[in-house]
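Tertiary structure, described
Each chain is listed here by its residues.
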Amino acid sequence: MLLAKVGLDGHDRGIKIVARGLRDAGYHVIYGGIWQSPDAVAAAAAEEDADWLGLSLLSGAHMTLVPRVIDALRATGNQHTECLVGGIIPKEDTERLRQLGVCGVFGPGTSIAEIVDFLRQRSPQQTETVDLTSGVDSGDRVALPDRVLLGRLLSLIEQGGLSATMLNDLHRQRAGKTTRVMAFTGSAGVGKSSLIANLLPRLVQRDQRVAVLACDPQSPITGGALLGDRVRMSAGSDERVFIRSLAVPSGQQGIAHRLDQMLLVLAHFGFDLVLVESVGVGQGDVAIRQHVDRVYLLLQPESGDAIQWEKAGLLEIADMIVINKCDLPGADRLETELREQVNLPGSRGVPVVRAGQSEPSGWDEIIRDMTGEQ
């Protein structure tokens, strides 16, 4: 389920309540944020392979904006995602919205239980037929119809993996293509998705085609998940950027099931770079190392003392340490402690970079490390 607000309506309390309620009912909910354009919402629905697109409209502009969203959805070649509308919708407009292609309208006073009942009675149908040949590297951009195919392929991998025949086809067609894979990992709240959001426009300026796999935790209680990383990545509206949210069960060390298959598919589609954002992880969650070319470990001030950096685990797998949010107090002390640690005799000499709104040069240094430019 992708939830979003289109147009200039910035009231988001209602849609956040719905997102939380559906998460608790066991759904995987991607929150797309406020002030979205119809084209951006349609692209997100394709990338997320969303069964449902839920629009919240409180501004009275539903009869203007909803048709534009539905037209944008179909223009992507997405015939699967069904549109739902909630908010302040006059009863006399309900039938007109249905005639436009909206499958459910939820006005004021609708409970979460009513929405859940509706969704369970209308389980979406998906075709499992996938033609890989239509997704072969399409030049400078991943065309929108190919985004639909790519989104579907990633869902198939999430649901059980690709067949041996399909994997063999992907390995054969990958020959000669080079895709570098970068991991961004660290504890919850350290700013991984915000850092990626600042890197994306710089990579696009360098004509890099970039895919992002953004991992968020899945509830061990309900199986639901609230996937909110893409809301910070505004560059996702650029056709050279593809963003996919992934729910990660506990016990996976912060990365999605079958990540290797997903990376193979993204290489097939011709991306120059894949950025993997882990779930907020602990010291021993190092499994991401085996799937990627480089690991960027994010730390923030006041997250540990000097002895913390002596311990085994995450620090051992880092190719670069990024002190994020370095405008916070304690950044200088953290940098000193880390530089002392990584420059001890016999150490690997891992670079330490400061990044944040007060240190934008750090973002460029990370870009140079990722792309190999001088």
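This report concerns the structure included in the present document. (Residues numbered from 1 in each chain as written. Predicted model: local features only at pLDDT ≥ 70, side-chain atom pairs only at ≥ 80, totals over all residues. Heavy atoms only, no water.)

1. Description of the packing of aromatic side chains
- Using the criterion set out here, one finds four aromatic pairs in the structure.
- Ring geometry for F184 and Y296: centres 5.0 Å apart, planes at 15°, overall stacked. Taken as a pair, F184 in strand β6 (residues 180-186) and Y296 in strand β11 (residues 294-299) lie far apart in primary sequence, 112 residues in all. Per residue, the accessibility class of F184 equals that of Y296, and both read buried.
- An aromatic cluster is built from W52, F106 and F118, whose rings are joined through pairwise contacts. (Phe/Tyr/Trp six-rings, centres within 6.5 Å; stacked < 30°, edge-to-face > 60°. Helix = DSSP H or I, 4+ residues; strand = E, 2+ residues; numbered from the N terminus. Buried < 20%, exposed > 50% of the residue type's maximum accessible area, 1.4 Å probe, protein only.)

2. With respect to the sheet that holds strand β7 (residues 210-217)
- Spatial strand order, β9-β7-β10-β6-β11-β12-β13: seven strands in an open sheet with parallel pairing. Pairing within the sheet leaves two strands with one partner each, and these edge strands are β9 (241-248) and β13 (352-354). Here the strands of the sheet are splayed against their neighbours by 20° on average, with no regard to which way each runs.
- Pairing of β11 with strand β12 (residues 320-323), which is carried by four bridges, proceeds in the parallel orientation. Paired with L299 across the strands is I323, a residue of β12.
- Here helix α9 (residues 259-268) sits on the sheet and contacts β6, β7, β9 and β10 (273-277); the angle it forms with β7, its principal contact strand, is near 160°.
- Relative to β13, helix α11 (residues 331-342) is tilted by about 165°, and along the sheet it contacts β11, β12 and β13. (Pairing = 2+ DSSP bridges. Axes fitted to C-alpha atoms, helices over the stretch in contact; angles between N-to-C directions. Contact = heavy atoms within 4.5 Å.)

3. Focus: the sheet that holds strand β8 (residues 225-227)
- Sheet architecture is open: six strands sit in the order β5-β4-β3-β1-β2-β8, paired in parallel fashion. Across the chains shown, the open sheet's two edge strands, defined by having one partner strand only, are β5 (102-106) and β8. For this sheet, the mean angle separating the axes of adjacent strands, direction not counted, is 20°.
- Both strand β2 (residues 28-31) and β8 contribute to a ladder of three bridges, which runs parallel. Paired with V29 across the bridge in β8 is L226.
- Strands β4 (82-87) and β5 of the sheet are contacted by helix α4 (residues 91-100), whose axis makes an angle of about 155° with β5.
- Strands in contact with helix α5 (residues 112-121) are β3 (52-57), β4 and β5; relative to β5, the strand with the most contacts, it is inclined by about 165°.

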